[in-house]
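Structural overview
What follows is each chain in one-letter form.
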Amino acid sequence: MKQPAEIVADQHAFFMNGNTLDYLTRKEQLKKLKQMLKDYETEIYQALKIDLNKSTHETLTTELGFLYSELDFAIKNLAAWMEPSKVAAPITHKGTKNFIMKEPYGVSLIISAWNYPLQLALAPAIGSLAAGNCVVLKPSEYAKATSLILAEMIQNTFDPSYFTVVEGDKEISEELVKQRFDYIFFTGSTEVGKIIMKEASTNLTPVTLELGGKSPVIVDEDANISLAAKRIVWGKFTNAGQTCVAPDYLYVHEKAKFKLLKAMKKYIKSFYGKDPLKNDEYTHIINQKHFNRLEQFLSTGTVLHGGNADRELLAIEPTILDRISWNDPIMDEEIFGPILPVLTFNHIEDAVVKIKSREKPLALYYFGESDKTQQQIMQFLSFGGGSINDTFYHLANPHLPFGGVGASGMGSYHGKYSFDTFSHEKSILKQTTKFDMPFRYPGSKLAQSVV
Ligand code: NAD
């Protein structure tokens, strides 16, 4: 097996030869990637079942389906994205043409997380390849079966000097980050994100950091309670809560609480059955370490719904916890599991102040009917992105950039934003040779009048 330094050197040579620049070649590679996923669909469903007990429905909607949409969107729009964009010029630049070219950085490193192990590995890769880069992909070691299938299918489809997978743990990842990459795209925890940025600074390598945090869902007094309940249950318990943009905690108006929680219990039963632990379509926790971490939270506050767990299956019921205080440990770290603590407010202004006092979350969701309050919430609170009257549906729109702010990350991707993320914007001025404006030269009249 080649060492990281050798892999990166091969990719640099491949890139330097101009192999990735041509439009038709790039389009061809994206089509190959799509065909690869089609050819390996059965193995992909199996791998995600092994890693997370993901149902066919969840794998299709949140992993494969998402990637097919991103690929189709990129294939359709690539020519337009690659087109240099003309810009205006001031009068002092008379006779010039000015434009911005999108230039690939070169060799990119993509490090991904385990919770959507296929999507989070390949969605940035689509952007990087579309933009004309080479890719070294390091999937998460926690989703072993998916990591294995990613390595196999990419090895069987692409020249490793162009696109390759390096499997392995933290140590391998640390070694990779020390190499001279032209771009690093990282998805994972805020803690590791800081390490990546520090390492990248050694070579002044630009980074995108897709991190996590505690994303609140606020439900106001005037919300459509039944729809809010349904959409929150979907957003929280999809993938058993192991979603970076899952509502981490519920912040509900005191007057709406009883009705909302009653409706949420109804939807949990309707989506996952009376005994979710026995439901083969319900996603499990990734490993023992995370199961242990989550299990400790079950004794916080009062269990209002769920609360049972199966250590052997690594499954935890969709759980709602009441009587939670802001000082409980569950309110300190990102939960990243199927446990929803409930906090209440009496005045929306107080909720805003409380959320503002915490780290900027990756997502924020507001349920309420007043246009004015919706606008105020969106304006006063800083967060990566979010939805009004829904949970994480925003991330499936390729026209919206997806990313964090502050502790939840920097940079964004999806759709054209992925292409832009992996492209350097090169400014070009084309000067006329038909005449020459004299004022900038020493001794010109304007130069003298300025003096
Ligand atoms: P993690 O930070 O532990 O690991 C992510 C990746 O980094 C893995 O591939 C791992 O091998 C590698 N890694 C770990 N330590 C490293 C080090 N010291 N140096 C270099 N590489 C290292 O995160 P995780 O547990 O896989 O994922 C969970 C976190 O990711 C949560 O915080 C979640 O919110 C976040 N997340 C964010 C997004 C997003 O799009 N913003 C998506 C999914 C998950």
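Thresholds applied
Residues numbered from 1 in each chain as written. Predicted model: local features only at pLDDT ≥ 70, side-chain atom pairs only at ≥ 80, totals over all residues. Helix = DSSP H or I, 4+ residues; strand = E, 2+ residues; numbered from the N terminus. Contact = placed C-beta atoms within 7 Å. Pairing = 2+ DSSP bridges. Axes fitted to C-alpha atoms, helices over the stretch in contact; angles between N-to-C directions. UniProt positions renumbered as here; feature names shortened; annotations may be inferred. Domains from an automatic or database assignment. Nonpolar A, V, L, I, M, F, W, Y, C, P; charged D, E, K, R; others polar.

1. Quick notes on the environment of Leu37
- As for its position among the elements, Leu37 is in helix H2 (residues 23–39).
- Each C-alpha atom, one on Leu37 and one on Leu67, is 8.9 Å from the other, the two residues being 30 residues apart in sequence.
- For Leu37, the contacting residues outside a window of four places in its chain are Leu64 and Leu67.

2. Examining unusual backbone geometry
- The residue Arg323 is not glycine, and still its phi comes out positive at about 55°.
- Along the chain, Arg323 turns up in the loop between strand S13 (319–322) and strand S14 (339–345).
- At Phe336, a position not held by glycine, the phi torsion is positive, near 55°.
- Secondary-structure assignment places Phe336 in the loop between S13 and S14.

3. As for the sheet that holds strand S18 (residues 423–430)
- The 3 strands lie next to each other as S1-S2-S18, forming an open sheet whose pairing is antiparallel. Each of the sheet's edge strands pairs with one partner strand only, and the pair in question is strand S1 (85–87) and S18. Each strand of the sheet is rotated relative to its neighbour by a mean of 30°, with strand direction disregarded.
- Bridging between S1 and strand S2 (residues 97–104) involves 3 bridges; their strand directions are antiparallel. Following the sheet pairing, Lys86 is matched in S2 by Phe99.

4. Digging into the UniProt feature "domain: Aldehyde dehydrogenase" (unreviewed entry) in the chain
- Using the residue numbers shown here, the UniProt feature "domain: Aldehyde dehydrogenase" (unreviewed entry) corresponds to residues 21–428.
- For the annotated span residues 21–428, helix accounts for 41% and strand for 19% of the residues, and the straight-line distance between the end C-alpha atoms is 18 Å.

5. Some thoughts on the domain arrangement of the chain
- Split by domain assignment, the chain resolves into domain 1 (4–211 + 408–428) and domain 2 (216–395).
- For domain 1 versus domain 2, the distance between C-alpha centres works out to 31 Å.
- Taken together, the 15 residues of domain 1 in the interface contact 15 residues of domain 2.
- Here the element with the most residues in the side of domain 1 that touches domain 2 is helix H4 (residues 56–82); it accounts for 3 residues.
- For the side of domain 1 that touches domain 2, the per-class residue count stands at 5 nonpolar, 8 polar and 2 charged.

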